[in-house]
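# Inside the fold
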Amino acid sequence: MQLELKKIDEAKLYVKAEGKIDLDSAVEFGTTIKDAIEDNDIADLVLDFERVTYISSIGLRIILELHQQMAKLGTMKLVKVQEPVLVIFKMTGFDKFLHIE
Amino acid sequence: MFDTIKSKIITIVLLMLLMLSALLSVFTYIYYRNAKELIIIGRSFAVANFAQDINKEITRIEDGARQLSIAGEIYLNSVKNKKLAEDTVRDIVGVYKNSVGGGIWFKPYVIDPNRIRDCIYALRKDVNTVVIDRKLESDDYNYLSQKWYKEAIPKIKEQNQVIWTTPYLAQGGSKTLMVTAISGIYDKQGNMLGVSSVDWEIKSIVDSIKKIKPTPNSFVLFADKVNDYVIVSTDPYVDNVDLMGKSLKEFPWYSENIANRTYITYQGKKFVPYVKTLDNGMIIVVCVPKFEMFYYTVYHVICLFIVMILISFLIALVLYMSLNRNISKPINTLMEIANRISAGDTETEIKLEKPKEFAQLASTYDKMIKDIKNITRERDKIESELSIAKEIQASSLPSTFPPYPDRKEFDIYAYMKAAREVGGDFYDFYFTDENNLLFLIADVSGKGVPAALFMMTVKTLISNLAQVRYNPRLLIETINKSICTNNKQGFFVTMLAGIINLETGRLSLINCGHNPPLVKKNNGKYDYLELESNMVLGAFSGARFDIYETVLEKGDTIFTYTDGITEAVNADDEQYGEKRLKNALNNALDSDVYGIINNVKEDIAKYVEKTPQSDDMTMLVFKYNGKAPKVEHYNGIAKKENYKFFSFWLRATCQKYKLDKQLTQKIEVASEEIYTNVLSYAYEDGNGEIAIEFIKEEDDIELRFVDEGVQYNPLENKDPDIDQNPKDRPIGGLGIFIVKQSAKDVAYEYKDNKNILTLKF
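Note that the structure is a prediction, hence the values are computed from the model and not measured. (Residues numbered from 1 in each chain as written. Chains lettered and ligands numbered in written order. Predicted model: local features only at pLDDT ≥ 70, side-chain atom pairs only at ≥ 80, totals over all residues. Heavy atoms only, no water.)

### A word on the overall build of chain B
Assigned secondary structure in chain B consists of 16 helices and 27 strands. Taken across its 761 residues, chain B has 47% of its residues classed as buried. Considering only residue pairs separated by 6 or more positions, chain B has 64% of its internal contacts joining residues 24 or more positions apart. Element-wise, carbon and sulfur atoms account for 53% of the exposed surface of chain B, whose accessible area totals about 40600 Å². (Helix = DSSP H or I, 4+ residues; strand = E, 2+ residues; numbered from the N terminus. Buried < 20%, exposed > 50% of the residue type's maximum accessible area, 1.4 Å probe, protein only. Contact = heavy atoms within 4.5 Å. Areas by Shrake-Rupley, 256 points an atom, 1.4 Å probe, with all protein chains shown as cover.)

### Let's talk about the sheet that holds strand β3 (residues 44-55) of chain A
All names here are of chain A. The strand order across the open sheet formed by four strands is β1-β2-β3-β4, and the pairing between neighbours is mixed. Every interior strand has two partners, whereas the edge strands, β1 (2-8) and β4 (75-79), have only one. Strand-to-strand, the axes of this sheet are offset by a mean angle of 20°, without reference to chain direction. Both β3 and β4 contribute to a ladder of five bridges, which runs parallel. Bridge assignment links L47 to a residue of β4, and that residue is L78. (Pairing = 2+ DSSP bridges. Axes fitted to C-alpha atoms, helices over the stretch in contact; angles between N-to-C directions.)

### Focus: the environment of A43(A)
All names here are of chain A. By secondary structure assignment, the location of A43 is in the loop between α1 (26-40) and β3. Remark: the alpha-carbon pair of A43 and T75, spanning 32 residues in sequence, is separated by 6.4 Å. What A43 contacts, discounting residues up to four positions off in sequence, is A11, M70, L73, G74 and T75.

### Let's talk about the sheet that holds strand β13 (residues 410-417) of chain B
Residue and element names in this part refer to chain B. Pairing in this open sheet of five strands is antiparallel, and the strands run β13-β22-β21-β18-β19 from one edge to the other. A strand with exactly one partner marks an edge of an open sheet, and here the two such strands are β13 and β19 (526-528). Each adjacent strand pair in this sheet contributes to an overall mean axis angle of 15°, direction not counted. Bridge count for strand β18 (residues 518-520) against β19 is three bridges, and the pairing is antiparallel. By the bridge assignment for β19, K520 is matched with Y526. Sitting on the sheet, helix α12 (residues 577-586) is in contact with β18, β19 and β21 (557-561), with an inclination near 155° to β19.

### Some thoughts on helix α15 (residues 661-682) of chain B
All names here are of chain B. Between its terminal C-alpha atoms α15 stretches 30 Å, which fits the 32 Å expected from 22 residues at 1.5 Å a residue. Burial analysis of α15 places 17 of its 22 residues in the buried class, which makes it a mostly covered element. Regarding α15, its N-cap is D660, as a side-chain oxygen of that residue lies 3.1 Å from the backbone nitrogen of Q662 further along. (Expected span 1.5 Å × (residues − 1). Polar contact = N/O pair within 3.5 Å; in protein donor to acceptor, adjacent residues only side chain to side chain.)

### Some remarks on α1(A)
Residue and element names in this part refer to chain A. Compared with the 21 Å implied by 1.5 Å per residue over 15 residues, the 21 Å span of α1 between its first and last C-alpha is a close match. Among the residues of α1, A26, F29, G30, I33, A36 and I37 are the ones counted as buried. Each buried residue of α1 sits inside an arc of 135° when the element is viewed along its axis, so together they form one side. Projecting away from the buried face of α1 at angles above 90 degrees are the exposed residues E28, E38 and D39. If you follow the buried residues of α1, they end up packed against β1, β2 (12-21), β3 and α2 (57-73). Looking one or two places after α1, you find D41, whose phi comes out positive at around 50°. (Arc of directions from axis to C-beta.)

### Concerning the interface of chain B and chain A
Taken together, the contact between chain B and chain A spans 25 residues of the former and 25 residues of the latter. Both faces combined, the contact of chain B with chain A buries some 2200 Å², and carbon together with sulfur accounts for 61% of it. Joining chain B to chain A, the criterion identifies one salt bridge. Among the ionic pairs, K20(A) bridges to E668(B), the shortest N-O distance being 2.7 Å. At the junction of chain B with chain A, the criterion picks out nine residue pairs in polar contact (both at pLDDT 80 or more). (Buried area = accessible area lost by both parts, 1.4 Å probe. Salt bridge = Lys/Arg side-chain N within 4 Å of Asp/Glu carboxyl O.)

### A word on the confidence of the model for chain B
Residues and elements named next belong to chain B. When pLDDT is averaged across chain B, the result is 85; 94% of the residues are at 70 or more. No element of chain B has a lower mean pLDDT than helix α5 (residues 240-243), at 75, and none a higher one than β21, at 97. In the predicted assembly, ipTM is 0.89 and pTM is 0.47. (pLDDT = per-residue confidence, 0-100.)

### Considering the pairing of strand β2 (residues 119-126) of chain B
Residues and elements named next belong to chain B. Pairing of strand β1 (residues 99-106) with β2, which is carried by five bridges, proceeds in the antiparallel orientation. In the strand pairing of β2, G101 is matched with L123. Where β2 folds back onto strand β3 (residues 129-132) in an antiparallel hairpin, the turn is made up of two residues.

### Looking at a nonpolar patch on the surface
There is a patch of nonpolar side chains on the surface, built from L23(B), V26(B), F27(B), Y29(B) and I30(B) and spanning about 500 Å² of accessible area. For L23(B), the position within the fold is in helix α1 (residues 5-77). (Patch = residues over 30% accessible without salt bridge, like charges linked within 9 Å, V, L, I, M, F, W, Y side chains within 5 Å.)

### Comments concerning the pattern of salt bridges
Residues and elements named next belong to chain B. Under the criterion given, the structure shown has 33 salt bridges over all chains. Here D139 ties to R117 by a salt bridge, and the two come within 2.1 Å at their closest N and O atoms. Taken together, the residues D139 in the loop between β3 and α3 (147-155) and R117 in the loop between β1 and β2 connect sequence positions 22 residues apart. Residue R117 is classed as buried on the basis of its relative accessible area, which comes to 16%. Two residues, E137 and R134, come together in a salt bridge whose shortest N-O distance is 3.5 Å. R134 sits in the partly exposed class, given a relative accessible area of 47%. Through salt bridges with shared partners, a single ionic network connects K82, E86, D112, R115, D118, R134 and E137.

### Some words on the packing of aromatic side chains
Applying the stated rule across the entire model yields 39 aromatic pairs over all chains. Note on F89(A) and F94(A): the rings are 6.3 Å apart at their centroids and 0° apart in plane angle, and the pair reads as stacked. A single burial state applies to F89(A) and to F94(A), both of which are buried. Residues Y404(B) and F431(B) carry aromatic rings whose centres are separated by 4.7 Å and whose planes lie at 75° to one another, so their mutual orientation is edge-to-face. Here the residue Y404(B) occupies a position in the loop between α8 (356-396) and β13, and F431(B) occupies one in strand β14 (residues 425-431), the gap between them amounting to 27 residues. The class for Y404(B) is partly exposed, based on a relative accessible area of 23%. Linked through ring pairs, F401(B), Y404(B), F410(B), Y413(B), Y427(B), F429(B), F431(B), F439(B), Y594(B) and F622(B) together constitute an aromatic cluster. Between K20(A) and the ring centre of Y54(A), over which it is positioned, the NZ or CZ distance is 4.9 Å. (Phe/Tyr/Trp six-rings, centres within 6.5 Å; stacked < 30°, edge-to-face > 60°. Lys NZ or Arg CZ within 6 Å of the ring centre and 35° of its normal.)

### Side note on a negative patch on the surface
A cluster of acidic residues, D9(A), E10(A), D35(A), E38(A), D39(A) and D41(A), forms a negative patch at the surface. Structurally, D39(A) is set in helix α1. (Lys, Arg positive; Asp, Glu negative; His and termini not counted. Charge placed at Lys NZ, Arg CZ, Asp CG, Glu CD.)

### Quick look at the environment of V15(A)
All names here are of chain A. Among the structural elements, V15 can be located in strand β2. Here the alpha-carbon distance between V15 and L47, two residues 32 residues apart in the chain, equals 4.9 Å. If we skip the residues at most four places from it in the chain, V15 touches L3, E4, L5, I33, L45, V46, L47 and D48.

Have a look at this one:
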């Protein structure tokens, strides 16, 4: 998993992820983004999943935590979600509450 | 009852003896009748002889009287020498030792005109002493006035005539019974001048007569008929003393014509009278009771008869016992021994010394027993060798099932039961290369040891040649040529063989004169396959063979058998037949290969019941399961750090088997979840092993996760509510939900202390 974080505007964080969000990488994924949010007082989180090929339940959990965190702070949205990940979101009903573009 | 020699012999002997007894009795009866006559005659003679003796005595006495007469005549005519006369008289009386006395008595004045009486009397004192008794010359006696003299004188009519007085008791106290014989004394002119007398004591005669008792109840009568005077009788029914001297007429049974009578009836009984008249007019009558006459005879005959019958039965008994001991018992002993031998007991000894004929037989028996023992021993040896041969032969057929447990492409099962110790049927199967399996079933002509040896040869031959990878046709033709080469005995083999490519399911079948197989295709029913039946193997070296080709699908089954199956007969000698076999298979379409053969076995067993097996029975079933499933394994410690290795392996495997992206994703997602579960919860120390099995069978993927951790069924949890507000969503439970959604089927079991989770995609 490779992450590219970019602060945009005042409180917007643009995260570009590449690879799989799985047991191996999920926790690190989560921790990195959470730290960045706190450090930078982010109020808007954008997750670019163009290059994310895979997510498992661990990843989902992290996404959920991020979502719950951002719900207090501001907004979160996922963009360019690929089919495989979308399938998982749909399967688990995450698509119902996640802001997916 | 007459089945035994013994009874026959005894019956014959008994009959003979009884016949003999009967014959004897007949003769005895005839004899008896004659005997009756003889007895009567005999008795007569007896009495006659007795009378004869008495007659002799009488004659003697009469002679004595005559002699005395002559003496008297001499005295008369001589010079009257009394002394001389006395001596003569004495001498004469002395000669007649039975006389009591004797004398001469003259008429008055004949000797001496002065003397009125003149007599001489001699008296016997004892046997040898005779004296002149002068008493009788006395006046006291006065013979002229004596009754006997007075009665005698007129009775004597001529010279030499002798008359007898009636018996009288002697004077003087002796009271003995006497009788006197009197004869006349004559002068030259023939005038009777006196008499001579001899006194005779008849006591001895009387005693003798009294003794006459031919039978216990006979009695006798002795009387003077002339003077009508009963002398003596032993008639038990009368007072004999009273009757003495009485007239015969007073005698109860006596009659004048008694001598002419055959029987007299007296006291209610019949008596046979024997009458003898003595010369002096006396009679002896012996009366013998009729029943006693022949009493002894009848008695004897009956006794004889009874004794003979008893003896006959005694002889029969002795014969019976002897036969028993000498014939029946030895024969029974031998029979018993024969029975014991046929029951298997060869240790019996024969002990028979007597009788000699059986001793011979017994020793022959003994020898026979020894021979039987030897033969039995030999037979047992052969039997045990044959049993060993049977075991060797049976063990030469593959008997481990399943033979290739790791080869899932097929199931195979076979069964052979020999009819005798060793059989001629066989089956075989082996891989000719990694993907090709050869299986066959065969039946060697003939039975027993020769067929078994031939079978072993052929089996080995085929398996050797099969390794050379000929194509099926060439393989069979080579096998056939080889069998023909060393086949001096002219055996042949029928065979049905199949070579299947387990990858493709392509099957080549060769039928060499064998029964066509029953085949189930495409989940249908079993039916007999119509395939070319080539020549049997071993018959003709140059034979060509046609191969039947087909392709098997998953589940297709081939059932092969030998004719011992279809030709099994029941008690009515009816064959089991092809139809019943087909029905047996079709009645259990879902059986596995073991079930198929066991069903047929049971069906046949029910059909034949107790009828013994006459031919080898063999069956081989082959079921094709399609291409083998691919199996991959992964083992490792379930750790977060190790996940990537597992993940890598999983992706590589999916790629290897060219699974599409979506499927791969599903597998990955689900597998990650399970793996995570195991590493998180299964082991306390978090260091437990996890084993994953990846099985691909056609288009079905199965993933099996095995760990030895805490017993835990992840499926127990409730599915999360995906509609729930994310705020309220619990964190857990999602993973398993994903697993259930991704996989077609999820199953958990806890077995052998292992958690086994099986996912099917």
